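Coordinate analysis (summary)
Given next are the chains, with one letter for each unit.
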Amino acid sequence: MDTRHLCDICLSQHITQNAIVRCPECEENFCEKCKIYHKFAKSTKKHEIISIENVRKLPKFVQDIKMNCSEHDERFVLYCEAHEVPCCSHCLHKEHAGCRNITPFQNLFKNVKESSLFVDLQTSLSDLMTNIKNIIDDRTASLKNLTKQKTRCKKEIQMARKALNAYFDELEAGLLDNLQKIFTEKELEIQSILEDFELRKAKVSEMQKNVKVVKSIASEFQSFMAIRELTNSAITTETDLQHLFKSGSFDSINC
């Protein structure tokens, strides 16, 4: 059951009664009986009431508008133009003591529906709607034109592709032939280097074996002389490698 549309006065007495009107100022719903009391009570007889049927038609944010300050539970009595917020007496002394342009709440919204502010809002929204519709129409026309352009361009691209296919087939064949020539040349170059370094590898391996043998069984004098000879050979080999590195022989090879 939706208690928002039950009579609040009856509900406070544990009586369930459907409401037929709502008073935004009291923030309460009333049944037929309670509506009459509300209408003739001195403190509420000037309140503007709204039928529940019309309340349901109001936007949710309008239905949720409160007349009382949620922080101090007091009725809004003033409106701060600087902060654009309503305030109760407590708010005035605490948050808005230094504010100017404080307007009594009742004066603010009196005849607001006939005010220039309301008319200006309606005019602004009407102009905004017209502008949006014009933009939609313009973009819709642009989309149709774009679709036509797409179809035309697609045909032109297909025709251009057919014209270029033969050229690219010939170009591809030439490029592949040139690629194979370059690859073969570089392949032979690398294979030559590999063969050379296999020989260098074997030479260094032989020197390593000789070092082990010398260390194991040669005399001190033989070891001294052998080490000098082997060291010179190693230095020569290392120098050759450095020269090759500097000459760019080991740079990355690309087709």
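Residues numbered from 1 in each chain as written. Predicted model: local features only at pLDDT ≥ 70, side-chain atom pairs only at ≥ 80, totals over all residues. Heavy atoms only, no water.

Here the focus is a nonpolar patch on the surface. Together, L121, L125, L128, I132 and I136 make up an exposed nonpolar region whose accessible area comes to about 460 Å². Structurally, the position occupied by I136 is in helix α7 (residues 116–217). With relative accessibility at 48%, the residue I136 sits in the partly exposed group. (Patch = residues over 30% accessible without salt bridge, like charges linked within 9 Å, V, L, I, M, F, W, Y side chains within 5 Å. Areas by Shrake-Rupley, 256 points an atom, 1.4 Å probe, with all protein chains shown as cover. Salt bridge = Lys/Arg side-chain N within 4 Å of Asp/Glu carboxyl O. Helix = DSSP H or I, 4+ residues; strand = E, 2+ residues; numbered from the N terminus. Buried < 20%, exposed > 50% of the residue type's maximum accessible area, 1.4 Å probe, protein only.)

With 27 residues, helix α8 (residues 220–246) extends 39 Å from end C-alpha to end C-alpha; this agrees with the ideal 39 Å at 1.5 Å per step. Of all the residues in α8, the buried ones are S223, A226, L230 and T237. On its buried face, α8 sits against α7. (Expected span 1.5 Å × (residues − 1). Contact = heavy atoms within 4.5 Å.)

Among the structural elements, E25 can be located in the loop between β1 (21–23) and β2 (28–30). The contacts of E25, once residues within four sequence positions are left out, are H47, E48, M67, R75 and Q106.

So, about the sheet that holds β2. With respect to topology, three strands assemble into an open sheet ordered β2-β1-β3, the strand pairing being antiparallel. Both edges of this open sheet fall to β2 and β3 (50–51), since each of them pairs with a single strand only. Together, β1 and β2 form the strand contacts of helix α2 (residues 32–40), whose direction differs from that of β2 by roughly 115°. (Pairing = 2+ DSSP bridges. Axes fitted to C-alpha atoms, helices over the stretch in contact; angles between N-to-C directions.)

Turning next to the side chain of N29. Looking at the element boundaries, N29 is found in strand β2. Within polar-contact distance, the side chain of N29 engages the side chain of R22 at 2.9 Å. (Polar contact = N/O pair within 3.5 Å; in protein donor to acceptor, adjacent residues only side chain to side chain.)

Right, let's get into the packing of α7 against α8. Any two packed helices are characterised by how steeply their axes cross, that is the angle between the axes, and by the distance between the axes. At a minimum axis separation of 11 Å, α7 and α8 run at an interaxial angle of 160°. On the basis of their axis angle, the class for α7 and α8 is roughly antiparallel. Relative to α8, α7 is oriented so that their crossing is left-handed. Here F197, R200, K203, V204, M207, N210, V211 and V214 of α7 come into contact with α8, specifically with S223, A226, L230, S233, A234, T237, D240, L241 and L244. (Parallel < 35°, antiparallel > 145°, perpendicular 65-115°, else oblique. Left-handed = near helix turned anticlockwise from the far one by under 90°.)

Another aspect to go through is the sheet that holds strand β5 (residues 85–87). Pairing between the strands of a sheet is mediated by backbone hydrogen bonds and can be parallel or antiparallel. Sheet architecture is open: three strands sit in the order β5-β4-β6, paired in antiparallel fashion. Because the sheet does not close on itself, it has two edges, and the strands there are β5 and β6 (102–104). The average angle at which neighbouring strand axes cross in this sheet is 35°, direction not considered.

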